[in-house]
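# Per-entry structural report
So the chains spell out like this:
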Amino acid sequence: MKTEHSTQPWFTFYASAALFACVLSMLLVATDRAPKTNHPDMAVPILMYHHVGDWGAANADWAPYVVKPQEFQRQLDWLLAHQFHTITFQELLAYQSSNVRPPAHSVILSFDDGWAEDVDIAKKFLTPRGMRGVFFVYTGAVAEQDNGSGYVSWNQVRQLEAAGHEVQSHTVSHAPLNTLAPSRLEFEMINSRDTMQAHVGHSVEVLAYPFGRHDERVIQATRDAGYKLGIAADDEIVSVEPRSEWGKFQVRRFKVAYGDGIDVFAARMAEHAQK
Ligand SMILES: [Zn+2]
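A quick note: this is a predicted structure, and the numbers were derived from the prediction, not measured.

Another point: the overall build of the chain. Each helix and strand in the chain was counted, giving nine helices and 10 strands. Counting every position in the chain, which comprises 275 residues, the buried fraction comes to 36%. Partitioning the intrachain contacts of the chain with sequence separation of at least 6 by distance along the chain shows that 60% fall at a separation of at least 24.

Between helix α5 (residues 117–126) and helix α6 (residues 154–162), the least distance of the axes is 10 Å, while the angle of their chain directions is 20 degrees. Here α6 runs roughly parallel to α5, going by the angle between their axes. Judged by the twist between their axes, the crossing of α5 over α6 is left-handed. Here Asp-118, Val-119 and Ala-122 of α5 lie close against α6, whose contacting residues are Gln-156, Gln-159 and Leu-160. Considering only residue class, the contact of α5 with α6 consists of three nonpolar, two polar and one charged.

Right, let's talk about the nonpolar core for a bit. Residues Tyr-49, Ile-108, Val-137 and Ile-231 are the most contacted members of the largest nonpolar core, which totals 56 residues. Discounting residues that sit within four places of it in the chain, Ile-231 has contacts with Val-206, Leu-207, Ala-208, Tyr-209, Val-251 and Arg-253.

Another aspect to go through is the pairing of strand β1 (residues 46–49). Here β1 shows no split at all, with Ile-46 and Met-48 on one side and Leu-47 and Tyr-49 on the other all buried. The pairing of β1 with strand β5 (residues 106–112) spans four bridges and is parallel. Bridge pairing in β5 links Leu-47 to Leu-109. As paired strands, β1 and strand β10 (residues 254–255) are joined by two bridges and run parallel to one another. Each bridged residue has a counterpart across the sheet, and for Leu-47 the counterpart in β10 is Phe-254.

Okay, the packing of helix α7 (residues 182–197) against helix α8 (residues 216–224) next. The interhelical angle for the contact between α7 and α8, taken along N-to-C directions, is 45 degrees, at an axis separation of 10 Å. Looking at the two axes, α7 sits oblique to α8. For α7 against α8, the interelement crossing comes out right-handed. Contacts between α7 and α8 involve Leu-185, Glu-186 and Met-189 from the former and Val-218, Ala-221 and Thr-222 from the latter.

Considering the arrangement of structural elements, one finds Asp-118 in helix α5. With 29 C-beta atoms packed within 10 Å, Asp-118 lands in the buried category. Spatially, the C-alpha atom of Asp-118 lies 8.8 Å from that of Val-52, the residues being 66 residues apart in sequence. When sequence neighbours within four positions are dropped, the list of residues in contact with Asp-118 reads Phe-111, Phe-135, Val-152 and Leu-160.

So, on to unusual backbone geometry. At Asn-99, a residue that is not glycine, the phi angle is positive and equals roughly 60 degrees. Turning to its location among the elements, Asn-99 is positioned in the loop between α4 (89–97) and β5. Asn-99 sits in the exposed class, given 9 other C-beta atoms within 10 Å. Positioned with a positive phi, Asp-113 is a non-glycine residue whose angle comes to about 95 degrees.

Glancing now at α5. The complete set of buried residues in α5 reads Asp-118, Val-119, Ile-121, Ala-122 and Leu-126. Along the axis of α5, the buried residues cluster in a sector spanning 160 degrees; they form a single face. For α5, the elements touching its buried residues are β2 (51–52), β5, β6 (133–137) and α6.

Attention shifts here to α4. Buried residues of α4: Phe-89, Leu-92 and Gln-96, and no others. Projected down its long axis, α4 shows its buried positions confined to an angular sector of 55 degrees, all on one face. Trailing α4 by a residue or two, Asn-99 shows a phi angle of about 60 degrees, which is positive.

Basis of the calculations
Residues numbered from 1 in each chain as written. Predicted model: local features only at pLDDT ≥ 70, side-chain atom pairs only at ≥ 80, totals over all residues. Helix = DSSP H or I, 4+ residues; strand = E, 2+ residues; numbered from the N terminus. Buried ≥ 20, exposed ≤ 12 C-beta atoms within 10 Å, placed from the backbone. Contact = placed C-beta atoms within 7 Å. Axes fitted to C-alpha atoms, helices over the stretch in contact; angles between N-to-C directions. Parallel < 35°, antiparallel > 145°, perpendicular 65-115°, else oblique. Left-handed = near helix turned anticlockwise from the far one by under 90°. Nonpolar A, V, L, I, M, F, W, Y, C, P; charged D, E, K, R; others polar. Core = buried A, V, L, I, M, F, W, Y, C linked by C-beta atoms within 7 Å. Pairing = 2+ DSSP bridges. Arc of directions from axis to C-beta.

Printed below as a string of structure tokens:
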């Protein structure tokens, strides 16, 4: 049935606009899948760990953030057996700035919060396998020397860096950034970076949002502070369009949880490989 709308100019205008929007969105999707991508999470799987230990079963709240040592070893050995090799965020940024896709089977192993056990994780598990980790540390918890606080000291941060691992920012106080006033937000970003840069021999250009919490305002502040990547979790709040330049500020990670057997781990890696 012919309607009177089809003959009116405004209808033609809206139909054209809709077609244009449709083509534009298809082009954006196509750009998203192009081999040279600005979306590092699409190119390189990033795994998120917090603790390696046997106590996950005894504490349900922490279970998502603890991995059994024997499972952790299996995961690392699975990665090696499948030709994966670890890279750092600095290396990822270098590939990105030269617009080169990182080599196939690159993976980033990230560890949050700067627990003192990070030093053992690196020594016992990573270094013997020739693997490197990236440790997101919040600077307010870090003392100059080891003091039994449960967090790494700057002395230990330097040891990690000297062994080829990398430390990046997880803010100053680990507060959820989306709840903070603008001046505090800026402080969390700039002070953590400046403090960290005074202790490590490289630029700190990557920020992991505490609790994965971010929104448009947090992303804008992260960009304004000069960071090049903003790292989320896999259960983060996403309130912005994931395509576009903003994708660099909501990079996703795979959380490896207690009770994830090697089959679950392998399935998630395979899922990523198919993207
Ligand atoms: Zn954290």
